[in-house]
Amino acid sequence: MKRMSCENGEAGIYIIDQDYKIVYLNDMAKLYYPNLQVGMHCYQGIGVKSAPCTDCPWTGENSGPVISYNTASQAWMAISSGQIDWPGSENCRLIMSRPVDEKNKNLFYYLTESTVYDGLLELNFLANTYKVLFHDSEKLELSPEEGRLDQILTETLNFMVHPDEKQSFEEFWDLSSMASRLRDSDRVLRGEFRRKMPGDGYCWMNLILVLFRSGEDPDNDAIIMCYIQDIDERKKKDEEEERRLREIREETDSMTGLYRYGPFFEKADYLLKNTDSTGFFMVAIDIEHFKLFNEWYGEEEGDRFLIRIGDYLKEIEKFYSSVAGYMGGDDFVILIPEDLSVLEELEDVINIYAKQYGGNAGFMPAFGVYRVEDLSLPVSMMYDRAAIALNSVKGNYTKRVGWYDPGMKRKMESDQVLLSEIQRALEKKEFIFYAQPQCNMLTGRIIGLESLVRWQHPQRGVISPGEFIPLLEQNGFITYLDVYVWEMVCRQLSTWIKEGRRPIPISVNMSRMDIYAIDVVEKFKQLVSRYEIDPKYLEIEITESAYAEDYDLIRKVVEDLRRAGFPVFMDDFGSGYSSLNMLKDVNVDVIKIDTKFLDMNENSKGRGMGILETIVRMARVMQLKVIAEGVEEKEQVDFLINIGCIYGQGFYYHEPLPVHVLEKLLDEDNNLDYRGIQARQLKQLKLEDLFNENIISEAMLNNMLGAIALYEIYEDRCEILRVNEEYYRVTGDNPIDMEERKRYVLNKVYRDDMDWVLNIFEEAYNNPLQGAEGTFRRYRTSGELMWVHLRVFFLREQDDHRLYYGAVRDATEQMEQRQKLKDSQNMLRDVLKIAGKNISFNNIAEENQWAASAVFAQMAPGGLFGVYCDKGLPLYFANNEMLRILNYDSYEEFARRPMG
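Keep in mind that what you see is a predicted model, and the values were worked out from it rather than measured.

A. Representation of the overall build of the protein in the model. In terms of regular secondary structure, the protein is built from 31 helices and 32 strands. In the protein, buried positions account for 45% of the 900 residues. Taking the contacts inside the protein whose residues are at least 6 apart along the sequence as the reference set, 56% of them involve residues at least 24 apart. When the accessible surface of the protein is totalled, it reaches about 49,200 Å², and 48% of it is carbon and sulfur.

B. Expanded view of the packing of aromatic side chains. Taken as a whole, this structure holds 27 aromatic pairs when the rule is applied. Taking the centre distance of 5.3 Å and the plane angle of 85° together, the rings of Phe-281 and Trp-403 count as edge-to-face. Taken as a pair, Phe-281 in strand E12 (residues 280-287) and Trp-403 in strand E16 (residues 401-403) lie far apart in primary sequence, 122 residues in all. Accessibility expressed as a relative area gives 1% for Phe-281, which makes it buried. For Trp-403, a relative accessible area of 32% puts it in the partly exposed group. Ring centres 6.3 Å apart and planes at 50° place the aromatic pair Tyr-750 and Tyr-779 in the tilted group. With a gap of 29 residues between them, Tyr-750 in the loop between helix H26 (735-741) and helix H27 (754-766) and Tyr-779 in strand E28 (residues 772-779) connect regions that are remote in the sequence. Accessibility expressed as a relative area gives 24% for Tyr-750, which makes it partly exposed.

C. Summary view of a negative patch on the surface. On the surface, a cluster of negative charge is made up of Asp-339, Glu-344, Glu-345 and Asp-348. The residue Asp-339 is located in the loop between strand E14 (331-337) and helix H10 (340-355) in this model.

D. Structural context of the sheet that holds E14. Here we have five strands laid out as an open sheet, ordered E13-E14-E12-E15-E16, and mixed in their pairing. Both edges of this open sheet fall to strand E13 (323-328) and E16, since each of them pairs with a single strand only. Sheet twist, expressed as the average angle between the axes of neighbouring strands with direction ignored, equals 20°. On the sheet, H10 packs against E12, E14, strand E15 (365-372) and E16 and is oriented at approximately 165° with respect to E15.

Calculation notes
- Residues numbered from 1 in each chain as written.
- Predicted model: local features only at pLDDT ≥ 70, side-chain atom pairs only at ≥ 80, totals over all residues.
- Heavy atoms only, no water.
- Helix = DSSP H or I, 4+ residues; strand = E, 2+ residues; numbered from the N terminus.
- Buried < 20%, exposed > 50% of the residue type's maximum accessible area, 1.4 Å probe, protein only.
- Contact = heavy atoms within 4.5 Å.
- Areas by Shrake-Rupley, 256 points an atom, 1.4 Å probe, with all protein chains shown as cover.
- Phe/Tyr/Trp six-rings, centres within 6.5 Å; stacked < 30°, edge-to-face > 60°.
- Patch = residues over 30% accessible without salt bridge, like charges linked within 9 Å, V, L, I, M, F, W, Y side chains within 5 Å.
- Salt bridge = Lys/Arg side-chain N within 4 Å of Asp/Glu carboxyl O.
- Lys, Arg positive; Asp, Glu negative; His and termini not counted.
- Charge placed at Lys NZ, Arg CZ, Asp CG, Glu CD.
- Pairing = 2+ DSSP bridges.
- Axes fitted to C-alpha atoms, helices over the stretch in contact; angles between N-to-C directions.

Here it is in structure tokens:
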């Protein structure tokens, strides 16, 4: 049997053969149709007719549901049917029906073209009654909910209908001709009337009458559905559009006093053809974000702003051979002589008007200039070229005047070609996605993926998104591509799960435009449901700029997404908006920070590192997870890990990969970390904790840190700003002398080592993360020469003064021991006479020279031992032959004896 749909609840069922005779009916069918019996024709018991009904819903093969009016029970019935094999009969059809709940308006929507109504009435012409099936009480008051039809029509005509519509209302509701008019118009009549609302106003209503059932007497026995729709807003828009078109036909705009669109072109054309001037500029003017200006300052202030510009352009018309026009909204145009001073004056004056509103860059005017060269060109085309030049500087607040060149037009044309290609590519499924792994930088293991769209062009090969995404965002078509990519990603994720792979999260990008175009939350819910995916594996990335532009709307969308189980990322965090302030309010799971701060020039790199460290620290306080994107170098990895960011994404680990390459990585469990991005669990030890007086004393801190100082370097001069107590002990300096000589600290450095000291500071500046270190000689206050080991870190730079942190220790004993060892090794080389033969001691690293000397000593043919040239001649080696001669079993035993 063919499968059929039925409303919830018990259905009345009867079966008819091909001659419409009833061969079976159940008890519910007998209840719904009391005149129906086995053996009779269905139209005899249901329609009380002598022949099959002309509008019988099951005469054809269509088994779709219909709604029919049951005269016997005076109720609407929802009916569906289907073919069935029945013993003893051929080509039978099973009919199921049940009463319709008249309060359920959705069942009636499909009867007309529209699906949005504010009221629905059932009109019975035979009984002269009406019944309100539903109505929106906030928009439409219909009471009482049932009664006499002629009475409600008379009351509405006398008290509710606008006087201008009374005659047309009366003609529309002429009951004597209603049935015939419905039949002549394919069972549908429409009318628009103004209905009185509470108070003094009227509201436009659209009435749609649908002939739902016609009986034996079509003029009287008829059931009509009356749909009522509030169209007041639409009518007002239509009236406004009509007024606008009417004004266009007039010559000047009533607000600005400038020529309107059409008249401007006529006047400009006349000026160009009837003037002695040698050249002209066509200048298009636009006030950016003027809708937002109206929201901030009010529409009245916005009108005053436009009027002021219009007045100024009229002044220019008086003084120069020019003509100005108002193109509607916040757009102006003026044709002026080809004189740069006039153009500069135009720009300066209108900018002054804008700056009076707080100097907000977002409302500053933009200018597009086309130099008129070909007088045969239509004026409208000249304006189009000025407008193209204008669009080239919109959003660029450092450049407010754009000059037209032919390349702009070519770009606009190529953009149109590209858009058409993109539409074709979507239809032919040429877009694919790559995925870039996100890694735990401590282990290198993959913790997630980010999907990145690619265009697999049939001729050009794989095209990166930078070539087409900006155009799609600019034209509002990005949503089509986004939805396409979301579905691709979900389909692939579902495939991996069904193949038995353990899933890891994959993120997709959501554009700000998507939120305005579709219900993104519902769309993502549909996708994970269709592909049977846990929402936690589909991460949603939204750019930080989207939050800045429409924070309240996007915050609600984010909350709804997270409530539905989707992790939400804030992408490109720190890209130039109010990022740090936003951290306290934003409700996302992960922020992706942009490592472009590490790519700054030498003067700003330190500040960039500071910004990144601050972002990571604040995110940690807010319990937000952090991942860095754009990681390309080992130095960046080290810095990020050092500041507490352990998750990264970038070419240092993996480039974006096609799916078939990515799957090879995912096949190896050793490449994966299924825990995903985790917030820091163990509380981090902070530097300020060490300076807490409740934890550690100053004496202990000095011993822990050793001798430290703050240095300032400028103009090849080194000045000590601060030192701790341990610094005085190590260097032998004292606070009094230091205060007097702090600006001349380089004077204490041994002259031959001065360049070496400055080089240490320069190297630390170039390597702010690792710093720099070195050992040099300096004089104590007593005049004695000492060796100092200095490790330096660059802190910041201001006004060409560089601030450094330095850790100092006394290396005198170490350096003297090195020198003694070197001297003794030289003597050893002389003894063994190996210098310049087997090995060059001068080419061996200092830390390895002692080991090398010991090896050669052991190889010497006779007994040999060495001592330091100090008091008591302390022993520092003996070879095996010497131990044998002196009858010692080990060097340790020999060293413990008095003679050792």
